[in-house]
Protein chains: 2
Amino acid sequence: MPRTTETASFKFNHTMLRVRDPEVSIKFYTEILGMDLIDKKVNDSFTLYFLVFEHGSEVTTAENRFGREGVLELTHNHGTESDPNFAGYASGNSEPGRGFGHIALTVDDVDKACERFERLGVKFQKRPSDGRMKNIAFILDPDGYWVEIVKGYFP
Amino acid sequence: MPRTTETASFKFNHTMLRVRDPEVSIKFYTEILGMDLIDKKVNDSFTLYFLVFEHGSEVTTAENRFGREGVLELTHNHGTESDPNFAGYASGNSEPGRGFGHIALTVDDVDKACERFERLGVKFQKRPSDGRMKNIAFILDPDGYWVEIVKGYFP
């Protein structure tokens, strides 16, 4: 079915994940994965962090982040990072809470990217050498969400 | 912290959600949201569906879908659609399974988009007129995942 003019402007702008400790998560997504933190919205009980991969000469801002795809929104409900009774968030890949699967990054070289993750102490759900699918890996973010690492398209 | 050359190729390629019945979900994501189904991978026990919003003259294929952002991957574990004991997937927004939040679409006109969703029988988590934030809405996909509808950036 062809897209209608009514949906012609639509874009898949972002994906939102809740995180326990933004200090740990922002460090992971910027320093380890290489995203840029481009916006932060502080509310009474929660703070939102927006991250993107910048490509070419683009500069993503608080305003124009609504004009692109591939934005990651991290929600921090204040207090979870220091609450001893907070059980942590479900990654979506086991019961209870199975449903959400993962986010995925494309990279130019899966093995090299994973060697670097290994060096940086990142936890793996699946190394490239594990299992049947040698060309992909899954690493874990600080909350245990799966991040797939797969080769990009470089024509 | 500046991005390193080691992560310069990285892109946020896709987000994966599990769905109970692909027939219902594909209809929702293509006919109601306006995405294009551009790839399908059938495995023994599961099938993967890949959807994108095409913009301008781009044509996303099974091969070059690894070169862009904003891809939605839907995983169908065969049999869930007809299993009376299948409890359904957690949306991530209530216990148990709280963690994953939502995916978000930007649109040119939130109110018009929502009037159309209403006409098409889509369920709402939050209409634009509900609550304090009048400029956003949350609709529910067939599995109950939240899809945020927010105004895009049109300079």
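Residues numbered from 1 in each chain as written. Chains lettered and ligands numbered in written order. Predicted model: local features only at pLDDT ≥ 70, side-chain atom pairs only at ≥ 80, totals over all residues. Heavy atoms only, no water.

Focus on the pattern of salt bridges
Then step 1. By the definition in use, this model includes 18 salt bridges over all chains.
Then step 2. In this structure, the salt-bridge partner of E54(A) is R68(A), at a minimum N-O distance of 3.5 Å. A residue pair is termed long-range when its members are at least 10 positions apart, and E54(A) in the loop between β3 (46-52) and β4 (71-77) and R68(A) in the loop between β3 and β4 qualify at 14 residues.
Then step 3. The class for R68(A) is buried, based on a relative accessible area of 11%.
Then step 4. Measuring nitrogen to oxygen at the nearest pair gives 3.2 Å for the salt bridge that ties R119(A) to E6(B). Here the residue R119(A) occupies a position in helix α2 (residues 110-119), and E6(B) occupies one in the segment before β1 (11-18), the pair thus bridging two chains.
Then step 5. The exposure class of R119(A) is exposed, given its relative accessible area of 61%. (Salt bridge = Lys/Arg side-chain N within 4 Å of Asp/Glu carboxyl O. Helix = DSSP H or I, 4+ residues; strand = E, 2+ residues; numbered from the N terminus. Buried < 20%, exposed > 50% of the residue type's maximum accessible area, 1.4 Å probe, protein only.)

Digging into the relation of the copies chain B and chain A
Then step 1. At an RMSD of 0.0 Å, chain B and chain A line up after a rotation of 180° and a shift of 0.0 Å along the axis. Here the symmetry operator amounts to a two-fold rotation axis. Residues of chain B ranked by C-alpha distance from the rotation axis are headed by G97(B), positioned 1.7 Å from it.
Then step 2. An overlap of 100% is found between the interface residues of chain B and their copies at the interface of chain A, pointing to a shared contact surface. (Least-squares fit on C-alpha atoms with pLDDT ≥ 70 in both. Contact = heavy atoms within 4.5 Å.)

Some details on the pairing of β1(B)
Then step 1. The buried fraction of β1(B) is high, at seven of eight residues.
Then step 2. Bridge analysis of strand β5 (residues 100-107) of chain A against β1(B) gives six bridges, and the strand direction is antiparallel. Bridged to A104(A) within β1(B) is H14(B). (Pairing = 2+ DSSP bridges.)

Digging into the UniProt feature "domain: VOC" (unreviewed entry) in chain A
Then step 1. The UniProt record marks residues 11-152 of chain A with the feature "domain: VOC" (unreviewed entry), using the residue numbering of this structure.
Then step 2. End C-alpha atoms of residues 11-152 of chain A are separated by 21 Å, and the span's content is 15% helix alongside 36% strand. (UniProt positions renumbered as here; feature names shortened; annotations may be inferred.)

Thoughts on the sheet that holds strand β1 (residues 11-18) of chain A
Then step 1. Strand order in the open sheet formed by eight strands is β2(A)-β3(A)-β4(A)-β1(A)-β5(B)-β8(B)-β7(B)-β6(B), with mixed pairing between adjacent strands. Strands at the two margins of the open sheet, each flanked by one partner only, are β2 (36-42) of chain A together with β6 (124-126) of chain B. Pairwise comparison of adjacent strand axes, ignoring direction, gives a mean angle of 25° for this sheet.
Then step 2. Inspection of the sheet shows strand β5 (residues 100-107) of chain B paired to strand β8 (residues 146-151) of chain B by six bridges, in the parallel sense. (Axes fitted to C-alpha atoms, helices over the stretch in contact; angles between N-to-C directions.)

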